[in-house]
Amino acid sequence: MRLGMSLKFLKPKEVADYLQITTRTLANKRALGNGPPFLRTERTIRYPISGLDRYVNSHMHHNARKKRYE
């Protein structure tokens, strides 16, 4: 990441609302390392919107099973 890049950040509550999960579930995902990327500064957690977009896109599923036509 380059310095001077303009990044937009969301608060944990905003991310949880967007993902339709609780802030506690989001915190658990953060602790387990399987949630969206985040920035921690002292006691503040923020999520870059670009990282959230990548996270959502990487967890998108298409056609769990292909149907067989006989």
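Let me sum up the structure you'll find in this document.

Scoring rules and cut-offs
- Per chain, residue numbering runs from 1 following the sequence as it is written.
- In view of the model being predicted, local features appear only for residues whose pLDDT reaches at least 70, and side-chain atom pairs are presented and counted only at 80 or more, with totals across whole chains, interfaces and linings using the full set of residues.
- No hydrogens and no water enter the side-chain calculation; it runs on all heavy atoms of the structure.
- Each helix is a run of DSSP H or I of at least 4 residues and each strand a run of E of at least 2, with the numbering of both proceeding from the N terminus.
- Classification of residues uses two cut-offs on accessible area relative to the type maximum, computed with a 1.4 Å probe and protein chains only: under 20% is buried, over 50% is exposed, and between them is partly exposed.
- Any two residues whose heavy atoms approach within 4.5 Å are treated as being in contact.
- Values of accessible area rely on a 1.4 Å probe in the Shrake-Rupley scheme; residue burial ignores everything except the protein chains shown.
- Two rings from Phe, Tyr or Trp (for Trp, the six-membered ring) form a pair when their centres are within 6.5 Å of each other. A pair whose planes differ by under 30 degrees is stacked, one over 60 is edge-to-face, and the rest are tilted.
- By definition, being over a ring means that NZ of Lys or CZ of Arg is both within 6 Å of the ring centre and within 35 degrees of the ring normal.

Observations regarding the overall build of the protein
The helix and strand inventory of the protein stands at three helices and three strands. Listed by position from the N terminus, the elements making up the protein come as β-α-α-β-β-α. Across the 70 residues that make up the protein, the buried fraction comes to 17%. Pairs at least 24 apart in sequence give 45% of the contacts found in the protein among residues at least 6 apart. For the protein, the exposed surface amounts to about 6,400 Å²; the carbon and sulfur share of it is 50%.

Digging into the packing of aromatic side chains
One pass over the full model with this rule turns up one aromatic pair. Between the aromatic rings of Phe 38 and Tyr 47, the centroid separation amounts to 6.2 Å while the plane-to-plane angle is 55°, which identifies the pairing as tilted. Sitting over the face of the ring of Phe 38, Arg 30 holds its NZ or CZ atom 5.8 Å from the ring centroid.

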